[in-house]
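# Examining the three-dimensional arrangement
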Amino acid sequence: MLATIDFELPTILEAGEPPEARGLERDQVRLMVSHSRSNQLEHYRFDQLPTILQAGDVLAINTSGTLNAAIPATTKAGQQLIVHLSTQLLAELWLVEIRQPHGTSSLPYRAALAATSLDLPAGGTLEIHRGYAANGATTNRLWIASLSLPKPLPMYLAEHAKPIHYSYVDQDWPSSYYQTVYATELGSAEMPSAGRAFSERLLTRLVAQGIQIAPLLLHTGVASLEDHEPPYAEWYSLPATSADLINRARADGRRVIAVGTTSVRAIESTVDQRGLVHPHTGWTELVITAERGLRAVDGILTGLHEPKATHLAMLAALAGYEHLELCYRAALEQHYLWHEFGDLHLLLG
């Protein structure tokens, strides 16, 4: 178990709907800015970001788009389940999570499922082979399975699946609410949500101000919402142009700010001992902890994470647990909203 922090999160602070449903534009959520060296905290609205960043800063953004990754399924005995597609491994081979419907959401399904076949809509099938071995142990949450569909995956998911959501979101929202404005390639099981608040208008202002954008790609898998497991292998690509932007910024003493924990993982997976990042495409199993630290990232823009979340270990690599506890106390006191439709935290080293 990774070291992390614990606190009580009131349900009233769990954002159950997009900001647009609360009468806001996507770039009008709240933003807490924290400086780990001084423990200074500041509170803004996200569309004030141009007043916070400096010309020459590099924003590393994850351009992965969000799949409709929740598919209804039925056992041969007629039991209703939900398949959460997590990670495409090879061709029709996937890493999946099986859940059971619960109200408008779902709960983990813990039954043994090896060698089980599930029926999917319109004649699709899922053949479950075995449990997924991660971090030295086989989990009963994730399974390796073969997916057989009657039509191409994007078309099938558009017609028969929905975006993944959990119990704090009590209704379905269109897939457009689960996309960033700069997504280029579908592949994430869940939205790389730290970038959701960017609007085209805000990005234009940032670029005009001299903020540089370094795109990368990391297809994020399903969250370990109930079990808080460490992150597992994910597919990523850091192009040469973005690696060059990041290295030039660091050589000049300018800041590299990763938008989301996914961007941090991609960048830090390519960095060498000198702090240089390298273009690479492949799988990363990197788990970032306070002990490991960060070598190429000076700031992280992220959402607010649930108690005991393993993402907090990554944030501690930048700021330390004492500063994180200060930030989260302030977020609770100031009634910030949590999760993918909530408010944001810009953590600066």
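So, here's what we can say about the structure. (Residues numbered from 1 in each chain as written. Predicted model: local features only at pLDDT ≥ 70, side-chain atom pairs only at ≥ 80, totals over all residues. Heavy atoms only, no water.)

Another aspect to go through is the pairing of strand β8 (residues 105-108). Pairing of strand β7 (residues 93-102) with β8 involves 4 bridges; the strand directions are antiparallel. Residue pairing in the sheet places Pro101 in a bridge with Ser106 of β8. Where β7 folds back onto β8 in an antiparallel hairpin, the turn is made up of 2 residues, including Gly103, whose phi is positive at roughly 65°. (Pairing = 2+ DSSP bridges. Helix = DSSP H or I, 4+ residues; strand = E, 2+ residues; numbered from the N terminus.)

Tracing the chain through its elements places Ser105 in strand β8. Ser105 sits 23 residues away from Ile82 along the chain, and the two C-alpha atoms are 9.7 Å apart. Setting aside residues up to four positions removed in sequence, Ser105 forms contacts with Ile82, Gln100, His165, Tyr166 and Ser167. Polar side-chain contacts of Ser105 include one of 3.0 Å to the backbone nitrogen of Ser167. (Contact = heavy atoms within 4.5 Å. Polar contact = N/O pair within 3.5 Å; in protein donor to acceptor, adjacent residues only side chain to side chain.)

Taken as a whole and assessed by the stated rule, the structure comprises 16 salt bridges. Here Asp47 makes a salt bridge to Arg45, at a shortest N to O gap of 2.7 Å. Relative accessible area serves as the criterion here: at 13%, Asp47 is assigned to the buried category. Lys76 is the partner of Asp119 in a salt bridge, and the nearest nitrogen-oxygen pair spans 2.8 Å. (Salt bridge = Lys/Arg side-chain N within 4 Å of Asp/Glu carboxyl O. Buried < 20%, exposed > 50% of the residue type's maximum accessible area, 1.4 Å probe, protein only.)

Examined against the element boundaries, Leu304 turns out to sit in the loop between β17 (299-303) and α5 (311-319). Taking the C-alpha atoms as reference points, Leu304 and Gly342, separated by 38 residues in sequence, lie 7.6 Å from one another.

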